[in-house]
Amino acid sequence: MSDLTAEVKNKAHLPVSRINTIMKSSSDVDTVNKASSLLMCKATELFIRILALEAYKNANHAKKLDYKHLAEVVHNEEKYNFLRDIMPKKITVAEYKKIMARKQGLENDEKKDDESSSSSSDDEDDSSSGSEDSSASA
Amino acid sequence: MAEKLEDLNLPNSSVQKIIKEALPDSVNIGKDARSALSRAASVFVLYVTSQASNEAQKGNRKTLIAKDVMTALEELEFDNFIEPLEEALKEFKDSKVKRSRAKKPNGESVATEDVEDQHETADADLKDDD
């Protein structure tokens, strides 16, 4: 922990004014005092450092830090839950197709199940996949 | 204020420097990794700010103070940030006290009040830690 303390001092910095701008852009904040934006600035620097380091460890000390290493950490650690939307895991086209195929399979199953009680409130995904099916069979 | 959307991004060069310092010298940083980290940092600020503003609301305050940020970090599972940040905060306060003493020997009332207020919150922080 003491090396973290050392890292806070005398290193590259983020501009406090920019941090201040970002904080104030939040709708539920009126004003922020100077100490809190300075603190937030330091916290953000630490955040970048720690996330980069964790990703690097996760990368088995490869020569290059890549997006996928970051995404991996973000998706494995609960405290980074808030980043999952902006850092989705990259997948290959083959994987994407597999997922979509499985999804469509599930949807088709569901349709068979409630065909009799086909509710009009079903989302558009269903209907569009349904139309695709019919065009394919036609 | 935030007039352009870019105003909510952090400067790439600073982010790059910070990452470089954190990692061993030999490591390269992918461009997408850097921009992702930069975006993540912006979101982090908003995430913590929103939690901190809840704290301020609980205390019936309209202004975010340092203690709100500390409590927010603790609640969001970034407790390991607290210790190094306490140091930074202390340094900031010390320099502020010095400055207000040096600059305003007479019209001190507002400045010292402010400082005292913050010292109180720092004391409260310390008590929380015990």
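These numbers come from a predicted model, not from an experiment.

### With respect to a negative patch on the surface
Turning to step 1, where the next piece is worked out: On the surface, a cluster of negative charge is made up of Glu 78 of chain A together with Glu 74, Glu 75, Glu 77 and Asp 79 of chain B.
Turning to step 2, where the next piece is worked out: By secondary structure assignment, the location of Glu 75 of chain B is in helix H3 (residues 66-75).

### Remarks on the pattern of salt bridges
Think of it this way: side chains of opposite charge can pair up when their charged atoms draw near.
Turning to step 1, where the next piece is worked out: Tallied over the entire structure, the rule returns five salt bridges over all chains.
Turning to step 2, where the next piece is worked out: Here Arg 49 of chain A makes a salt bridge to Glu 21 of chain B, at a shortest N to O gap of 3.2 Å. Here the residue Arg 49 of chain A occupies a position in helix H3 (residues 34-58), and Glu 21 of chain B occupies one in helix H1 (residues 12-22), the pair thus bridging two chains.
Turning to step 3, where the next piece is worked out: Taking relative accessible area as the criterion, Arg 49 of chain A reaches 4% and is therefore assigned buried.
Turning to step 4, where the next piece is worked out: In this structure Glu 21 of chain B comes out as partly exposed when scored by relative accessible area, which is 34%.
Turning to step 5, where the next piece is worked out: In this structure, Lys 64 of chain A engages Asp 66 of chain A in a salt bridge whose closest nitrogen and oxygen atoms are separated by 4.0 Å.
Turning to step 6, where the next piece is worked out: For Lys 64 of chain A, a relative accessible area of 40% gives the class partly exposed.

### A short note on the UniProt feature "domain: Transcription factor CBF/NF-Y/archaeal histone" (unreviewed entry) in chain B
Turning to step 1, where the next piece is worked out: Here, the residues flagged by UniProt with the feature "domain: Transcription factor CBF/NF-Y/archaeal histone" (unreviewed entry) are residues 9-73 of chain B.
Turning to step 2, where the next piece is worked out: Overall, residues 9-73 of chain B shows 72% helix and 6% strand. The separation of its end C-alpha atoms is 21 Å.

### Points about the environment of Arg 34 of chain B
Residues and elements named next belong to chain B.
Turning to step 1, where the next piece is worked out: When you line up the elements, Arg 34 lands in helix H2 (residues 31-58).
Turning to step 2, where the next piece is worked out: Remark: the alpha-carbon pair of Arg 34 and Pro 11, spanning 23 residues in sequence, is separated by 11 Å.
Turning to step 3, where the next piece is worked out: What Arg 34 contacts, discounting residues up to four positions off in sequence, is Asn 12, Val 15, Gln 16, Ile 19 and Ile 29.

### Concerning the packing of H3 of chain A against H2 of chain B
Turning to step 1, where the next piece is worked out: One way to put it is that H3 of chain A packs onto H2 of chain B with a least axis distance of 10 Å and a crossing angle of 135°. Judged on the interaxial angle alone, H2 of chain B and H3 of chain A are oblique. Along this stretch, H3 of chain A crosses H2 of chain B, giving a crossing that reads as right-handed. Of H2 of chain B, the residues touching H3 of chain A (which contributes Met 40, Ala 43, Thr 44, Phe 47, Ile 48, Leu 51 and Ala 52 of chain A) are Leu 37, Ala 40, Ala 41, Phe 44, Val 45, Val 48 and Thr 49 of chain B.
Turning to step 2, where the next piece is worked out: For the contact of H3 of chain A with H2 of chain B, the class distribution of residues is 12 nonpolar, two polar and no charged.

### Let's talk about unusual backbone geometry
In most cases, non-glycine residues show a negative phi, while peptide bonds are predominantly trans.
Residues and elements named next belong to chain B.
Turning to step 1, where the next piece is worked out: Its identity is not glycine, yet Asn 60 carries a phi of approximately 60°, on the positive side.
Turning to step 2, where the next piece is worked out: Its place among the elements puts Asn 60 in the loop between H2 and strand S2 (63-64).
Turning to step 3, where the next piece is worked out: For Asn 60, a relative accessible area of 74% puts it in the exposed group.
Turning to step 4, where the next piece is worked out: Unlike most non-glycine residues, Glu 77 shows phi in positive territory, near 70°.
Turning to step 5, where the next piece is worked out: Tracing the backbone shows Glu 77 in the loop between H3 and helix H4 (82-103).

The rules behind these values
Each chain has its residues counted from 1, following the order in which its sequence is written. To label them, take the chains in the order written and letter them from A, then take the ligands in the order written and number them from 1. With pLDDT at 70 or above as the cut-off, local features in this predicted model cover only qualifying residues; side-chain atom pairs require 80 or more to be listed or tallied, and sums for whole chains, interfaces and linings still use all residues. With hydrogens and water set aside, each side-chain value is computed from the structure's full complement of heavy atoms. Patch membership needs two things, relative accessible area over 30% and no salt bridge, and members are linked within 9 Å if like-charged or within 5 Å if nonpolar (Val, Leu, Ile, Met, Phe, Trp, Tyr). For the area figures, the Shrake-Rupley method with a 1.4 Å probe applies, and any residue is considered shielded solely by the protein chains shown. What makes a salt bridge here is a side-chain nitrogen of Lys or Arg within 4 Å of a carboxyl oxygen of Asp or Glu, nothing more. Think of it this way: Lys and Arg go in the positive column, Asp and Glu in the negative one, and His and the chain ends go nowhere. By convention, charge coordinates are those of NZ in Lys, CZ in Arg, CG in Asp, or CD in Glu. Secondary structure counts use DSSP, requiring at least four H or I residues in a row for a helix and at least two E residues in a row for a strand, with both numbered from the N terminus. Throughout, exposure labels follow a simple rule: accessible area from a 1.4 Å probe, protein chains only, divided by the maximum for the residue type, with under 20% read as buried, over 50% as exposed, and the rest as partly exposed. UniProt positions are given in the numbering used here, feature names are shortened, and annotations may be inferred rather than shown by experiment. We call two residues in contact whenever any of their non-hydrogen atoms come within 4.5 Å of each other. Lines fitted to C-alpha atoms define the axes here, with helix axes fitted over just the stretch in contact, and angles between the N-to-C directions of these axes take values from 0 to 180 degrees. Angles below 35 degrees are treated as roughly parallel, those above 145 as roughly antiparallel, those between 65 and 115 as roughly perpendicular, and all remaining angles as oblique. Crossings are classed by handedness, with left-handed meaning an anticlockwise turn of the near helix from the far one by less than a right angle and right-handed meaning a clockwise turn. Each residue receives one of three labels: charged for Asp, Glu, Lys and Arg, nonpolar for Ala, Val, Leu, Ile, Met, Phe, Trp, Tyr, Cys and Pro, and polar for the others, Gly being one of them.

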